[in-house]
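# Residue-level structural notes
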Amino acid sequence: VQFGASYHVAEWWKDTTADKATTITVRPGQMTTGISAVLTKAVTAVERPEVDGDAWVGKTLRVDKGRWNTEAGSKFTYEWLAGSTVVATGETLKVTKSMLGKKLSARVTNDAGFTQGQAVTASTPKVGYQPKLKTKVTAKRIAMTLKVKPLKAKKVKASVVVYEVTGKKADGELKLKKLGKGVITKGTGVATLKKALGKGKHKLVFRIKGKGKVGSGDLLQKVKIKR
């Protein structure tokens, strides 16, 4: 059941979206009661917009508009923010050197005709240069070398948390199990694992939190442990 009225946001019963709406079965000769709604004029995001991509110089970010309590007939516009300053408009943003050290976010405006609503994404990590990781993995220890162009090795610092991929969630997001952590100084470092990796193939995610001009993000690697 969907309710609607002029200059109000249409609403599926129980304040949800069409794909999650409750099915109501009306049986012959029976009265179905308790189906009602209070409509609002406010346009709001029921699922917050998100920034897709890594905040690395030279990369392109894209904004997912999220889900809204009204979308049919709406016009969506996008603004990119560095801090509180608008630096670009549109669904995508090319990350440039001028953004180094700044956190980026996107503001989505939903113009439903009779009114507008806005929502802002979470901020990205500070913009940095893309990190590239090489590893040497044993059962309980991972030696790491991190290279970041155009930085010299002595400028490359980061903290690292290591996860193992254990599957996928219903929405496609990876299921991760924390294995250990480490620190990279002058381009090299070691991560110590709480529990030894078993024999065979493993998918590992290295969550990099860069320092200075080193970019942050998740790096996926496949490794094989021999015994």
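Residues numbered from 1 in each chain as written. Predicted model: local features only at pLDDT ≥ 70, side-chain atom pairs only at ≥ 80, totals over all residues. Heavy atoms only, no water.

Here we take up the nonpolar core. Nonpolar side chains in soluble globular proteins generally cluster together in the buried interior. Counting residues in hydrophobic clusters, the biggest one holds 24 residues, and the most contacted among them are Ile142, Met144, Leu146, Val162 and Phe206. Sequence-distant contacts of Met144, that is, excluding residues within four places in its chain, are made with Leu133, Lys134, Thr135, Val160, Ile184, Gly187, Thr188, Gly189, Val190, Ala191 and Phe206. The next biggest cluster of nonpolar side chains, apart from the first, holds 21 residues, and it includes Val63, Leu93, Leu104 and Ala112. (Core = buried A, V, L, I, M, F, W, Y, C linked by side-chain atoms within 4.5 Å. Buried < 20%, exposed > 50% of the residue type's maximum accessible area, 1.4 Å probe, protein only. Contact = heavy atoms within 4.5 Å.)

Moving on, we get to the packing of aromatic side chains. Taken as a whole, this structure holds 1 aromatic pair when the rule is applied. Between Lys65 and the ring centre of Phe76, over which it is positioned, the NZ or CZ distance is 4.9 Å. (Phe/Tyr/Trp six-rings, centres within 6.5 Å; stacked < 30°, edge-to-face > 60°. Lys NZ or Arg CZ within 6 Å of the ring centre and 35° of its normal.)

Counted according to the given criterion, the structure contains 7 salt bridges. Between Lys169 and Glu173 there is a salt bridge, with its nearest N and O atoms 3.9 Å apart. Exposure remark for Lys169: the relative accessible area of 40% places this residue in the partly exposed category. The exposure class of Glu173 is partly exposed, given its relative accessible area of 44%. (Salt bridge = Lys/Arg side-chain N within 4 Å of Asp/Glu carboxyl O.)

Turning our eyes to something else, we now look at unusual backbone geometry. Note: most peptide bonds trans; most residues except glycine with negative phi. A cis amide bond links Lys149 with the next residue in sequence, Pro150, at an omega value of 5 degrees. Here Pro150 shows up in the loop between β13 (141–147) and β14 (158–168). In this structure, Lys186 takes a positive phi of about 55 degrees despite not being glycine. Take Lys186: it is sitting in the loop between β15 (174–185) and β16 (188–193). (Helix = DSSP H or I, 4+ residues; strand = E, 2+ residues; numbered from the N terminus.)

Bridge count for strand β7 (residues 75–82) against strand β10 (residues 104–111) is 8 bridges, and the pairing is antiparallel. Residue pairing across strands places Thr77 opposite Thr109, the latter belonging to β10. Here β7 runs beside strand β8 (residues 85–89); their pairing, made up of 4 bridges, is antiparallel. Among the inter-strand pairings, Leu81 is bridged to a residue of β8, identified as Val86. (Pairing = 2+ DSSP bridges.)

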